[in-house]
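# Survey of secondary and tertiary structure
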Amino acid sequence: MIPWIGTRAILYLLGGLLILSALIAAAGPRLPRIIAAAIACFVVLQASPPGCAEQRVLLERDSPYHRLFVTEDQNYRWLRADNWCHTQMQRRDPHGRGLSYTDYTDIAFLFNPKIRSVLVIGLGGGTIPKRFVRDYPQVKVDAVEIDPDVIKIAARYFDVHPGPRLAIHQSDGRMFLRRSKQSWDLIVLDAYYAETAPFFLATREFFEIARRRLTPGGVMVNNVIGATRGPTSRFFRSVYRTMKETFPQVHAFQVPDTGFRSMNIEVFALNSKDPIGLETLRTRAAAMQGSAIKDDELTLRLKNYVGHVVPIGDVPTLTDDYAPVDGLIHFR
């Protein structure tokens, strides 16, 4: 029943039946108080989704994968999946920049200035595909999204539509990569959440499939949520270790201003053995930012480079056989 009428309607139905039974059983002098309590419960259930008290709710829906909300205020529109904000769109600039972590994707052009084809796994509200199509006329984008409801919401509320340079595919990201015969210069993985991650998109076998789908010199960007040090870093460090064992080069950047309890960390993996260091990135950023790369703050983002050695000896390599993703995220 969930895909047809949603969890909230089911809870209302069951709760209403329980309240009705209680009213019948308690009929008498206490009936007005019971009715008042039932009304209070209904008001509580009608409360806005978490963190949205001052936002107008445009849509609330159960998909096969998430509880989805679309909310907005005077300046922004958001897509939320369960308790987490997935997309932020400026209402006056629907194809502009959104959540801070998405801006770091442009750094890929510093690693490979010749990017012409991009694959984005995880559509959401389409911030990265829309902006790449707008800002980089030489680029063609494929976007893969497993949730058909997210694709519909992106089209209706976030102006994400297929076009000559944007193709949208409804599929599991790993299955799409495995079946595809195409190669891309840039693969963006944006399918992890703060509270969980699809384990099959974090294993060595998955990253090997992705590496085979990259052109020589191609780049993969993985948006990981966690920390680089301390008790909340185990998931990031495990993903980092797994990617380092799969790709010739791996670099990471912290995104400190995301507003999450955990931090977004953008992990860049290169399908090239030619070393590219931070000084090379700085030199290219000074020459390319604001022109060849449509971002005026690239040099500032490079300051968030993870320059320290990431300890990986106490975390496992994630494999299809052993990928304790939830344990790494939640257990300290």
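Everything in this summary refers to the structure shown in the same document.

Thresholds, definitions, all that
Residues numbered from 1 in each chain as written. Predicted model: local features only at pLDDT ≥ 70, side-chain atom pairs only at ≥ 80, totals over all residues. Heavy atoms only, no water. Core = buried A, V, L, I, M, F, W, Y, C linked by side-chain atoms within 4.5 Å. Buried < 20%, exposed > 50% of the residue type's maximum accessible area, 1.4 Å probe, protein only. Contact = heavy atoms within 4.5 Å. Helix = DSSP H or I, 4+ residues; strand = E, 2+ residues; numbered from the N terminus. Phe/Tyr/Trp six-rings, centres within 6.5 Å; stacked < 30°, edge-to-face > 60°. Arc of directions from axis to C-beta. 1 Å grid on protein atoms, 1.4 Å probe; cavity = no way out; pocket = protein on both sides within 12 Å on 5 of 7 lines; lining within 4 Å. Points joined across faces, edges and corners; volume = space filled by probe spheres on them. Nonpolar A, V, L, I, M, F, W, Y, C, P; charged D, E, K, R; others polar. Salt bridge = Lys/Arg side-chain N within 4 Å of Asp/Glu carboxyl O. Pairing = 2+ DSSP bridges. Axes fitted to C-alpha atoms, helices over the stretch in contact; angles between N-to-C directions.

## Regarding the nonpolar core
By size, the foremost hydrophobic cluster in this structure holds 52 residues, and its most contacted members are I107, L110, F111, V118, F132, L186 and F268. With residues near it in sequence (within four places) discarded, F268 still touches Y104, T105, I107, A108, F111, V219, M220, V221, Q249, V250, H251 and F253. Core analysis: the next-biggest nonpolar cluster, separate from the first, contains 38 residues, L119, A197, M243 and I329 among them.

## Let's talk about helix α9 (residues 234–244)
Counting buried positions along α9 yields eight of eleven residues, so the element is predominantly enclosed. Taken as a whole, α9 has its buried residues at F235, F236, R237, S238, V239, Y240, T242 and M243.

## Some thoughts on the environment of G173
The topology assignment puts G173 in helix α7 (residues 173–179). On the basis of relative accessibility, which here comes to 6%, the residue G173 falls in the buried class. Remark: the alpha-carbon pair of G173 and A191, spanning 18 residues in sequence, is separated by 8.9 Å. Beyond its immediate stretch of four places on either side in the chain, G173 contacts I121 and V144.

## What to know about the packing of aromatic side chains
Under the defined criterion, the tally for this structure stands at 13 aromatic pairs. Relative to F268, the ring of F253 lies with its centre 5.5 Å away and its plane at 85 degrees, an arrangement referred to as edge-to-face. Of this pair, F253 sits in strand β10 (residues 249–255) while F268 sits in strand β11 (residues 263–270), and the two are 15 residues apart along the sequence. We note that F253, like F268, is buried. Between the aromatic rings of F253 and Y305, the centroid separation amounts to 5.2 Å while the plane-to-plane angle is 70 degrees, which identifies the pairing as edge-to-face. Residue F253 is located in strand β10, and its partner Y305 is located in the loop between α11 (298–302) and α12 (325–330); the two are separated by 52 residues in the primary sequence. Residue classification places Y305 among the partly exposed residues on the basis of a relative accessible area of 22%.

## Focus on helix α10 (residues 278–288)
Within the span of α10, buried status applies to L281, A285 and M288. End-on view of α10: buried residues confined to an arc of 80 degrees, all on one side of the axis. Facing away from the buried side of α10, by more than 90 degrees, are the exposed residues E279, T283, A286 and A287. Where α10 is buried, its residues meet α4 (108–111), β10 and α11. Positive backbone phi, approximately 85 degrees, marks G290, located one or two places after α10.

## Notes on empty space enclosed by the protein
Within the structure shown, the criterion is met by two cavities of 30 Å³ or more. The computed volume of the second largest cavity comes to approximately 90 Å³. Around the second largest cavity sit 14 residues that line it, and Y101, T102, T127, I128 and D190 are the ones nearest its centre. Ranked by residues supplied to the lining of the second largest cavity, first place goes to helix α5 (residues 127–135) with three residues. Here the lining of the second largest cavity is built from residues that sort into six nonpolar, seven polar and one charged.

## Observations concerning the pattern of salt bridges
Counted by the stated rule, this structure contains 20 salt bridges. Between E72 and R77 there is a salt bridge, with its nearest N and O atoms 2.7 Å apart. Judged by relative accessible area, E72 falls into the buried class, the value being 3%. What makes R77 buried here is its relative accessible area of 15%. A salt bridge links D314 to R237; the shortest N-O distance between them is 2.6 Å. Note that D314 is positioned in the loop between α11 and α12 and R237 in helix α9, a separation of 77 residues in sequence.

## With respect to the layout of surface pockets
The calculated volume of the largest pocket comes to roughly 440 Å³. Residue lining of the largest pocket: 27 residues in total, with H66, I146, A191, Y193 and P198 positioned closest to the centre. Those elements giving two or more residues to the lining of the largest pocket turn out to be β3 (76–81) and β6 (140–145). Residues that form the lining of the largest pocket fall into these classes: 16 nonpolar, seven polar and four charged.

## Quick notes on the sheet that holds strand β7 (residues 166–170)
Within a sheet, each strand pairs with its neighbour through backbone hydrogen bonds, oriented either parallel or antiparallel. Strand order in the open sheet made by the seven strands is β7-β6-β5-β8-β9-β11-β10, with mixed pairing throughout. The sheet is open, and its two borders are formed by β7 and β10, each paired with just one other strand. For this sheet, the mean angle separating the axes of adjacent strands, direction not counted, is 15 degrees. Along the sheet, α9 makes contact with β9 (214–226), β10 and β11, crossing β9 at roughly 170 degrees.

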